[in-house]
Amino acid sequence: MIIDATNLILGRLASFIAKQSLKGEQIEIINSEKAVITGKKDDILSHYQQKLERGHPYAGPFFQRREDRLLKKTIVGMLPHKQEKGRLASKRIKCYINIPIQFQNKKSVSLDKINVANTKNVKYMTLQELCKLLGRKE
């Protein structure tokens, strides 16, 4: 299953993908930088900066600043990753920035139920904006 993450809410997308991967589905996520987090930008940024500053710079815990890795870490957090079924499910998930060459001619699925356009909340921030503010290196 190829999922286009454009304008999809991060938490709802992650829970949907976690359930599908536990069922044994192979999932590829494209345009992961266009997934959104709802809420005020200041609140979102302060929450993720607090996560970033936690721990030691050499010993961890480490925080991902790339959009595809941040999305994958969010999904893995919703899996039972300490059990074998969770580890196997996390290996079935691949996240990509933009659309890779191997998926350009294939049909992708966009989930309308979790699209940000269908919610009443107008305030949101894309993963690309968030990672740029957290200091993503190009």
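This section reports on the structure supplied with the text. Everything quoted here is computed from the prediction, not taken from an experiment. Positions within a chain are numbered from 1, following the residues in the order the chain's sequence is written. Predicted model: local features are reported for residues with pLDDT of at least 70 only, side-chain atom pairs are reported and counted for 80 or more only, and whole-chain, interface and lining totals are derived from all residues. Hydrogen atoms and water are omitted, and side-chain values are computed over all heavy atoms in the structure.

This next bit is on helix 4 (residues 84-91). Only protein chains enter the accessibility calculation, which uses a 1.4 Å probe; a residue whose area is less than 20% of its type maximum is buried, one above 50% is exposed, and one in between is partly exposed. Helix numbers and strand numbers start at the N terminus; a helix is a DSSP run of H or I with at least 4 residues, a strand a run of E with at least 2. Those residues of helix 4 not exposed but buried are G86, A89 and S90. For helix 4, the angular spread of the buried residues around the axis is 100°, confining them to a single face. Exposed positions of helix 4 whose direction lies more than 90 degrees from the buried face are E84, K85 and K91. Buried positions along helix 4 lie against helix 1 (10-22), helix 3 (67-77) and strand 4 (93-95). This arc is built from the directions going out from the helix axis to the C-beta atoms. Residue contacts follow a heavy-atom distance rule, with two residues in contact if any of their heavy atoms lie within 4.5 Å.

Right, let's get into the nonpolar core. Counting residues in hydrophobic clusters, the biggest one holds 30 residues, and the most contacted among them are L13, I17, I29, Y48, L71, L127 and L130. Take this core: its biggest share by element is five residues, from helix 1. Dropping the residues within four chain positions of it, Y48 is found in contact with L10, I37, F63, L70, L130 and L134. Among the buried residues, those of types Ala, Val, Leu, Ile, Met, Phe, Trp, Tyr and Cys that are joined through side-chain atoms within 4.5 Å form a nonpolar core.

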